[in-house]
Every structure is written in C-alpha cells, then in structure tokens.
Amino acid sequence: GIDDKQFPNDNDAATQASSGYAETTISATSVDAEASTFAINASGDIVTMPSVSGLPLNARFVYCVDGQPSFPTSFDLDYFFPKEPEVLATDSSEVPPPILTRSERERDEANRMCNMTISRRVPQKQHRCLWQLPKYMGSQFFGAWLMCIPNQLCQSNISVNEKSKILLRALGALRTLRSHRRIVADEAAYRALIVACGKCGTDRRIELMKLYGLMRTDGIFPNAVTLGQYTRAIAEGFSRRSEESHAKSGMQIVVPTNGKKPSQKVNLEVLDSNLQSLEESGLRWRSRGNSSQTQDAPLSGVIYSDVVKDQTEVKHTNISPTKTFDTATTHRPSKAKRSWIPVSCSSSFCNSSYVEATSESSKMRVRLYALWSRTTTCESCSYIPLDEEIQCGWDVIHSNADNDPSIACPRCGSAITPQLGYEEVLIKETYETKNDELSFVVSSTHDETNQSIEVSRLENEPNVTRDTPLQGIPPQLESNIHDGNSSTDRNDEGRTGFVTYISPHRLRLLLEQLVFEFGEEVLDRDRLRLLNPQVFFNLWWYSSRFSLPLPLACSASDGIDNESLCAFASWDKGVAIQGCLSAAKAIAAAQALPFSKERLLREKLFDNPNTDMPLLAFFNLQNYAQQDWDHEDLSEVLVTLVKACDTRDLLPVVECVFRRNDLRKEEQERSGRNNSMDLSFESAGTSTFSLGASMDLSQRPSAELDCYRTILYLARYQCQTAFHAFFPTTTRACKGYHFWCAQGTPLPIFDRAFREAADEYSKKNNMIVPVPDASDVALGFRCVFGHLI
C-alpha cells in the first residue's frame, strides 16, 4: 500500500474511476477492516475489496505496478468466468498456412463442387449440364500442374530467360485451356501462378494485375494467404522495375570475328510446337500496342544457334523468329494445317536442350516414352472400355478418404481397375548422314526378339505392332489385348510397366500429400518417379492429353537429370510406339539439318501437310491405316461411310456393319466346325484331349465388330478431310460453372447421327437391346480432354 499523499486527489479519482470503482471510505463501524473482504460502494452494492491489512485506518489507497496505478490482479484465478487465458497476446499458429497446396477448407469446397457436378444417373426435368464434371476434372489437373511451376522456377542452374519462358508457358496454358477447353482455375491454382510471377526474376506487375482481375471475374474472392502472396509478388516486381531486361525476342546469331568456326547446336524445343504456341499465348498478357513490353524471353522457334568457345569479339544480329537461315517456312501460323493425329505429346527439355549438330555419330541425350490406356479388360463381359468411358467411371460421389480406383464397366457394370501402360523406346545407336540419306537404329523393349528396327529418312512404316492372327482387324477394334497382361506389373529396370489410372481429383490430393510430407523438393522428375511412379506417370499422361510440358524440375545436384524426356500418349500402344519412332526420326533430321543440301528434309519437318508438330512429322496416318482398305469387311463399311457424307445419315453404315457381322459369325462357326473335326480325328481314343480342345474353342474371342467403335475408328483414321468435316466427334463446351444449362448434353454431330441411325435400326429389326454407344458424360470428357482412339 502507498499513502495518498504521494498522489494528487485528481489522479486518484481518475484512477479509481477508470478502474470501475468509486472511492470508498473504510469505516470501523461498517466493516471490520482486519477481517472482512467486502465493502459497500457508492451505489449501495456489496463488492469485493482488496486486503487492507497493514494500512492505517481511514486511509485511501491505489494499487501500482512499476510505479504506475493499476487494477489489482492478485485475485483467485479459479473463480474467473470465463477463464482468463494464460497469454493475453495473440498467439500465431506454429504451422504456416499452405501456399502452393490447398487448405482444408479449400479441399472441402472442391469435394462439394465435385459432388455437385456428378450426373446422378437419373432423369432430369430440366437440362442438367453434363459438362461440369469433365471441366471440374480438367480444373483439378490444371491446379496440380500449376502447383509445380514455382518449384520449376527455383532451379539454380537456369537463367532469367529460361524462367521467363517457363512463366510464359504457364500463362499461355491458363489462357488456352480457358478459351479452348472452358477450364476455369480455382483459387489455389491462381495463387500458385501468382507465386510463380514473384519468383520469375523480372517485373511481372502487369500480369499480376490481370491475373487478379481474371480471378475476380471468375467469382473468386481471394483469402488472406492469396492476398499476401499477391502483395509480395507486386513488391518483388516493383523492386525489379529498373533492372534491364536481358531477354530479347527473336533469334540471335553469334558471328565470330576471330576466324574460329563456331560449334552449332540444335534447339530441341523447336520440335515441340506446343511450347511455341503456349509462349505466344503467354505474350498476349502484355499490352499489344507496346512493343517494348512484349519483348520477353526468346521464343522456342529458334532451330539452332552458334556457340563460340572464345567470345572475346563477337557481333550480334537479331533475326525475326519467323525466319531461319535459308527459308521462311519453319514458322507458320498456329492455326494452319492442323490435322488430327491419334497421339499427343508432352516434353520435358532440360536446360541443356541443345544437342550437337554434326554429320558424325554422336550421343543423343533424349529419352522417349510411350503411354497408353488400352490396358484393361472387363472380366465379366470381356469389354475393353474407351478412354472417355474410363473417365466416365469417375461420375460417382468423391471424398478425401476415397482410395478406391476401380470404376464400373460401361457395358455390364462390373468393377474394373483401369491402368496406364508406359514403355521407354531406346535408341541403341545414333544417327549418321551418308549421301544425304539419314538413317539410324532404334529398338523398343516390347520387342521380345530384341531385334533392332531399321528406320529410313522419308519412310513411315505401317503399324509395327499389329498382331491379328484371327480377326485381321486393327488393334483398336480387337476384343483382346495382345501386348501383355495389364494385371501383372512388369518392371524392366523401370523402363516398362503399368500404374493405376487415377482421376485428376485423386491425383491432386496425392501430389499435395507428397508436398506436405517431403516439401517442394519432391517436385523433381527423378525423385517423384522414385517416390510415387503412379503420380508421376498420371501427371505426365494428363500433361500429354492437354499438350502441356511436364512441369517438374530437372536440376538434380547429382547430375542424373541432365537428359531431355518426351512422352507420347495414345489409347493404343502401337500408336504411341509409332509416335516415339517418328520423334526419333525428327530429332535425327534436326541434327542433320545444318548439313542438308536439299530443302526436302526441312520441309518434311516444318512444312508438313499432315501435322503442325515437327516431332510427329514422320507419322503418316494414311500409311499407318492403309491396310483398312484391303480388309474385306472394313473396306465395304468405308465405301458406305463415304456415301453417307452427302446426307449425314449413318443408317446405311450401321446396316452394313451388322450385315458384315452376320457373315463373320457364319465364317467363324464354319471355321470352328472344321477345327473341331480335325481335332477329333487327331485325338481319336483320347477323350481328355478332345475335351480340352472343345473348351478352347468355346473361349475363342467373338468375331463381331463393335458397331459404334468400328464407325468411330474409320471416321477418325480414314478420309480425314471429309469425315472430320462432315462427322466431327467433338464440340466446344459451355462456359463457367452452373447446374442447369441451355446447351445441356454434350452431343457432337457424329454421335447425334449415330444415335438416330441406331434407334431407327433397332425399331426396324425389333431389337430388345439397343445398339450400345458412348454415354453423355463420356462425350463430355472426350470434348474437354481430347479424342484418342
């Protein structure tokens, strides 16, 4: 206690008033000062009072802490209600909020949206929008793809120009998928792209402001984490506003003046036209009228550059990216000469993506992979689902704890587990140029005889994997899989095998879990493949489906990740292998391009009427499917399909397929009777042998052609100029997320014509079971993810 003489009365009154107690005079007659702990205030209420033991009678007092008047805090804390917190200051969480990965609230919101987009498979009174689930799955993959971009920009061995190109491709991917595939990114995807803009090393405030505006246009109000990263990226860009940009558009040739002959290297990125398309789309984020702002990292349209060991005296000459040394045909408009090829590509070029351009044999540091999804057969009905039918199996209720990858068979409803197959196509010996003829030797691990495949310069062999001992039809139409058992995992030093085919929703959850357990360092090519091959190959598969590069870093400190990778995805394994062979030829041609005297090789790569992708310039689809015209059944169906182009009526084509099926069944029965008679004569007196022979005959595959798949295959592989114009199999999706839709069901022209013809044929022949075709949800996945058959 302190006597009141040390403090003026005004201060005492103010202190007591602020503490909520009026001044009280302690009287011996009213309250015993030695024993009582209660007092009566000015309002007549009985209140507790501090102890006055040791203080003189009739004295006023105040409590002080460090010489300052303060309310007493030496009360019994057990009687406090609510309980007083141990620390009055705000205590921040020890675990920082996630930046690249989604928070728990964002994952719950994603599950709610996913379950809202499923079709429920019940009749609807209104036009239920069936585009939402495919677009949602595409958004989930795009979120997982963008999550890897910031770590890719943090590689220590890449320059600012390389970082700018990676960011441009990410911005271009957002623009392309939004406009062409109608895929809308979520807040976590936008946040990852904002973080990438901050780590790029250049001033990206223009892109950041447009990203924020686009995010608000999509109806996303950013949370505190996203706003914090946006503010940080803006500050990073402001700090670099005065830095001089070292990147210039176009191609730069280094001309030596000291008489030394330069060492020419080929830029492999020019062979993947998807990279250049993404970079051009990313440049549109800048103002179109300001040419200085559009000068960014060099585009990937540079075929090869000259590098000098001694660059003491050099001259720099800027050349437009639309021209090369002796021709201006290597760069075409992005929409010119686009033709359909049943294979898609995804590359992962390391920082040293330049290979030596020499006429002598040298080592090529490129690894080619084939990816395919035609690996699973239903055990109940022996049906091989199409890729879009596998994706249609994701039309179920989802949750974060759902780990079951199985789907329902589209024909019988039995549970099947889809898988993805992968195989590395090895290049045993490198290429040579002799008398202007390019030749090299490649080998594939699927070749059991381990024999090399000779490949010439301008020849494109037909299907190298057609195994048709019974039916004589293409692999896409066969009822069996002849390239191995998908249920048995094969592993030839990691060069071939199978992984579970998972949905993008599940892929993103697994990738976020790996980042949470191992950090962002797991987003590396070799490390992710060793830790979880399932996530690695599924991420690469979807990147190929959307024609995006593999977003994983390739800068391992141990020097393992110094090779460029390139994957080709298709529904059938033979088509994917053919894409790898075409890429090997293209890389060989690019290496010999500086020494080629004729323009034929250059035109084959960059002015090919069959494709706008130089890596697939040697994939001639017409030669690949030439045997279809020689087939007795398919040729008749093809002729009927050509006649149907005028009327767009597929009824004669459906009738032709069923008519050929009847003939095929009769021929199979006749062949089966002849074989059984031969076996009975050979096994006379051996009942066990004849019984086994009859069982083998009963298990023979059906000779019937699937009507829908046969017509779909012929419409895509044959007469592309006519069939793709009269019977397109894809259409553009609707915009945005909504429940009811005026457009309603995804129904391309081909499927609309086929359903009308199938219904009319069923009524004419009184068929109980309708002609099977693809479901509406499967058609939505085909239109959003692309068509592979």
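Residues numbered from 1 in each chain as written. Predicted model: local features only at pLDDT ≥ 70, side-chain atom pairs only at ≥ 80, totals over all residues. Heavy atoms only, no water.

## Quick word on the pattern of salt bridges
Then, number 1: Evaluated as defined, the whole model comprises 33 salt bridges.
Then, number 2: Residues Glu512 and Arg107 are paired through a salt bridge, measuring 4.0 Å at the closest nitrogen-oxygen approach. Placement of Glu512 in helix H12 (residues 504–518) and of Arg107 in helix H2 (residues 104–117) is noted, with a sequence separation of 405 residues between them.
Then, number 3: The salt bridge involving Glu269 is made with Lys165; its shortest N-O contact spans 3.0 Å. Taken together, the residues span a long stretch of sequence, with Glu269 in the loop between strand E6 (263–267) and helix H9 (273–283) and Lys165 in helix H5 (residues 160–180) at a distance of 104 residues. (Salt bridge = Lys/Arg side-chain N within 4 Å of Asp/Glu carboxyl O. Helix = DSSP H or I, 4+ residues; strand = E, 2+ residues; numbered from the N terminus.)

## Side note on the confidence of the model for the protein chain
Should the pLDDT be low somewhere, the predicted coordinates at that spot are not to be read in detail.
Then, number 1: Per-residue pLDDT for the protein chain averages 75, and the proportion of residues at 70 or more is 65%.
Then, number 2: Ranking the helices and strands of the protein chain by mean pLDDT puts helix H14 (residues 533–545) first, with 97, and strand E8 (residues 314–319) last, with 35.
Then, number 3: Here residues 356–362 scores under 50 on pLDDT; set against residues more than four positions off or in separate chains, the count is 20 contacts.
Then, number 4: Counting contacts from residues 429–470, a segment whose pLDDT is below 50, to residues more than four positions away or on other chains yields 112 contacts. (pLDDT = per-residue confidence, 0-100. Contact = heavy atoms within 4.5 Å.)

## Points about the pairing of strand E11 (residues 366–372)
Then, number 1: By the criterion of burial, E11 is predominantly enclosed, with six of the seven residues buried.
Then, number 2: Pairing of E11 with strand E18 (residues 564–570) involves seven bridges; the strand directions are parallel. Bridging from a neighbouring strand, Val366 pairs with Ser564 of E18. (Buried < 20%, exposed > 50% of the residue type's maximum accessible area, 1.4 Å probe, protein only. Pairing = 2+ DSSP bridges.)

## Comments concerning a negative patch on the surface
Then, number 1: Among the surface-exposed residues, Asp649, Glu756, Asp759 and Glu760 lie close enough to one another that they form a single negatively charged patch.
Then, number 2: With respect to the secondary-structure elements, Glu760 resides in helix H23 (residues 749–765).
Then, number 3: Residue classification places Glu760 among the partly exposed residues on the basis of a relative accessible area of 40%. (Patch = residues over 30% accessible without salt bridge, like charges linked within 9 Å, V, L, I, M, F, W, Y side chains within 5 Å. Areas by Shrake-Rupley, 256 points an atom, 1.4 Å probe, with all protein chains shown as cover. Lys, Arg positive; Asp, Glu negative; His and termini not counted. Charge placed at Lys NZ, Arg CZ, Asp CG, Glu CD.)

## Some points on the packing of H5 against helix H7 (residues 205–217)
Then, number 1: It is at 12 Å that the axes of H5 and H7 come closest, and there the two elements cross at 30°. Taken together, the axes of H5 and H7 lie roughly parallel to each other. The way H5 lies across H7 gives a crossing that is left-handed. Along the contact surface, H5 presents Leu171, Leu174 and Arg178, while H7 presents Glu207, Leu211 and Leu214.
Then, number 2: Tallied by class, residues from the contact of H5 with H7 come to four nonpolar, no polar and two charged. (Axes fitted to C-alpha atoms, helices over the stretch in contact; angles between N-to-C directions. Parallel < 35°, antiparallel > 145°, perpendicular 65-115°, else oblique. Left-handed = near helix turned anticlockwise from the far one by under 90°. Nonpolar A, V, L, I, M, F, W, Y, C, P; charged D, E, K, R; others polar.)

## A closer look at the packing of aromatic side chains
Then, number 1: One pass over the full model with this rule turns up 23 aromatic pairs.
Then, number 2: Centre to centre, the rings of Trp340 and Tyr717 are 5.7 Å apart; their planes meet at 80°, and the pair counts as edge-to-face. Here Tyr717 lies in helix H21 (residues 707–717) and Trp340 lies in the loop between E8 and strand E9 (344–348), a separation of 377 residues in the sequence. Take Trp340 and Tyr717: they sit in the same class, and that class is buried.
Then, number 3: Positioned above the aromatic ring of Trp571 is the side chain of Arg374, whose terminal nitrogen or guanidinium carbon lies 5.6 Å from the ring centre.
Then, number 4: Stacked on the ring of Trp340, the Lys or Arg Arg716 has its end atom at 4.4 Å from the ring centre. (Phe/Tyr/Trp six-rings, centres within 6.5 Å; stacked < 30°, edge-to-face > 60°. Lys NZ or Arg CZ within 6 Å of the ring centre and 35° of its normal.)

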